[in-house]
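# Summary of the model geometry
Letter by letter, the chains look like this.
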Amino acid sequence: NAGVTQTPKFRVLKTGQSMTLLCAQDMNHEYMYWYRQDPGMGLRLIHYSVGEGTTAKGEVPDGYNVSRLKKQNFLLGLESAAPSQTSVYFCASSYADGPGHYGYTFGSGTRLTVV
Amino acid sequence: KQEVTQIPAALSVPEGENLVLNCSFTDSAIYNLQWFRQDPGKGLTSLLLIQSSQREQTSGRLNASLDKSSGRSTLYIAASQPGDSATYLCAGNAGGTSYGKLTFGQGTILTVHP
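Cut-offs used in this document
Residues numbered from 1 in each chain as written. Chains lettered and ligands numbered in written order. Predicted model: local features only at pLDDT ≥ 70, side-chain atom pairs only at ≥ 80, totals over all residues. Heavy atoms only, no water. Helix = DSSP H or I, 4+ residues; strand = E, 2+ residues; numbered from the N terminus. Rg over C-alpha atoms; globule rule 2.2 N^0.38 Å. Buried < 20%, exposed > 50% of the residue type's maximum accessible area, 1.4 Å probe, protein only. Contact = heavy atoms within 4.5 Å. Areas by Shrake-Rupley, 256 points an atom, 1.4 Å probe, with all protein chains shown as cover. Lys, Arg positive; Asp, Glu negative; His and termini not counted. Charge placed at Lys NZ, Arg CZ, Asp CG, Glu CD. Phe/Tyr/Trp six-rings, centres within 6.5 Å; stacked < 30°, edge-to-face > 60°. Core = buried A, V, L, I, M, F, W, Y, C linked by side-chain atoms within 4.5 Å.

## Examining the overall build of chain B
The helix and strand tally for chain B stands at 0 helices and 11 strands. Reading chain B from its N terminus to its C terminus gives the helix and strand order β-β-β-β-β-β-β-β-β-β-β. The globule rule puts the C-alpha radius of gyration for 114 residues at 13 Å, and the 14 Å found for chain B is close to it. Reported as C-alpha extents along the three principal axes, the dimensions of chain B are approximately 45 × 30 × 20 Å. For chain B, buried positions account for 44% of its 114 residues. In chain B, the share of contacts with a sequence separation of at least 24, taken over all contacts with a separation of at least 6, comes to 54%. For chain B, the exposed area adds up to about 5200 Å²; of that, 49% sits on carbon and sulfur atoms. Across chain B, the centroid of the 8 positively charged side chains sits 7 Å from that of the 8 negatively charged ones.

## Examining the environment of Thr7(A)
All names here are of chain A. With respect to the helices and strands, the residue Thr7 is situated in strand 1 (residues 4–7). In this structure Thr7 comes out as partly exposed when scored by relative accessible area, which is 38%. The spatial distance from the C-alpha of Thr7 to the C-alpha of Gly51 is 21 Å, given a sequence separation of 44 residues. The residues touching Thr7, leaving out its near neighbours within four places in the chain, are Leu21, Leu22 and Thr110.

## Here's the deal with the packing of aromatic side chains
Applying the stated criterion across every chain, the model contains 13 aromatic pairs over all chains. Ring centres of Tyr33(A) and Tyr35(A) lie 6.2 Å apart, and the angle between their planes is 35 degrees; on these two criteria the pair is classed as tilted. Since its relative accessible area comes to 0%, Tyr35(A) is described here as buried. Each ring, one from Tyr102(A) and one from Tyr104(A), has its centre 6.4 Å from the other, and the planes form 35 degrees; the classification is tilted. The same class applies to Tyr102(A) and to Tyr104(A), which are both buried. Aromatic ring contacts, followed pair by pair, group Tyr31(A), Tyr33(A), Tyr35(A), Tyr102(A), Tyr104(A), Phe106(A), Phe36(B), Tyr99(B) and Phe104(B) into a single cluster.

## Considering the nonpolar core
The nonpolar side chains of soluble globular proteins are, as a tendency, buried together. Residue and element names in this part refer to chain B. Counting 21 residues, the largest nonpolar core has Leu33, Trp35, Leu75, Ile77, Tyr88 and Leu110 as the members making the most contacts within it. Examining the composition of this core, we find that 4 residues originate from one element, strand 3 (residues 19–25), more than from any other. When sequence neighbours within four positions are dropped, the list of residues in contact with Leu110 reads Leu11, Val13, Leu19, Ile77, Asp84, Ser85, Ala86 and Tyr88.

So, in structure tokens, the structure goes:
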């Protein structure tokens with residue numbers, strides 16, 4: 001089925017370890033985003049990309065890096081994981097369907113625990 | 001900086017009730033306001049999008065309104081059903097060169113019991 005696929009779905013890391021979360025979309029969407037969701041705080045934007053080879057910082061970028069070498073993939077990296085990065089991470093992609101009008105597709109999330 | 005707040009944080013109602021979820025935002029320059037549904041362990045599904053030039057949108061038993069002057073949006077669910085149980089999130093988009101970035105509220109956890 002067409003959509004946004006996130007891998008892995010679950011992961012437990014030790015403090016200081018590194019990992020990469022993969023997001024893949026097959027809808028040819030131009031824009032992609034990484035959000036984190038914490039209890040009581042809604043979703044907050046970490047980084048986003050407006051096209052292949054581009055990335056930009058969102059609201060909470062510290063401790064994360066991203067890359068978008070191919071249009072369909074958007075990678076989120078944690079170089080040295082900290083307990084504060086325990087969260088559920090969502091990837092989304094979108095297309096512009098008119099001025100200011102975007103159609104979104106979200107992945108099912110990655111639950112990350114840092115101990 | 002846009003801030004979005006949702007009230008109540010949680011709501012439990014018996015089946016068949018009509019209910020209202022509230023969303024408030026601080027920046028009236030919001031371009032559009034979107035309501036999402038989130039089921040446990042799943043991603044977000046878009047329910048309704050209200051453009052800044054619109055006052056409301058309807059889809060089936062759902063009706064969403066937008067009042068930019070007061071910084072409020074409401075999601076009205078008619079004749080609630082147990083299948084409506086989920087977390088409902090509102091999110092604003094600033095338009096322009098925002099590239100579709102969304103600012104989310106904290107969500108309202110809705111439970112509809114038979």
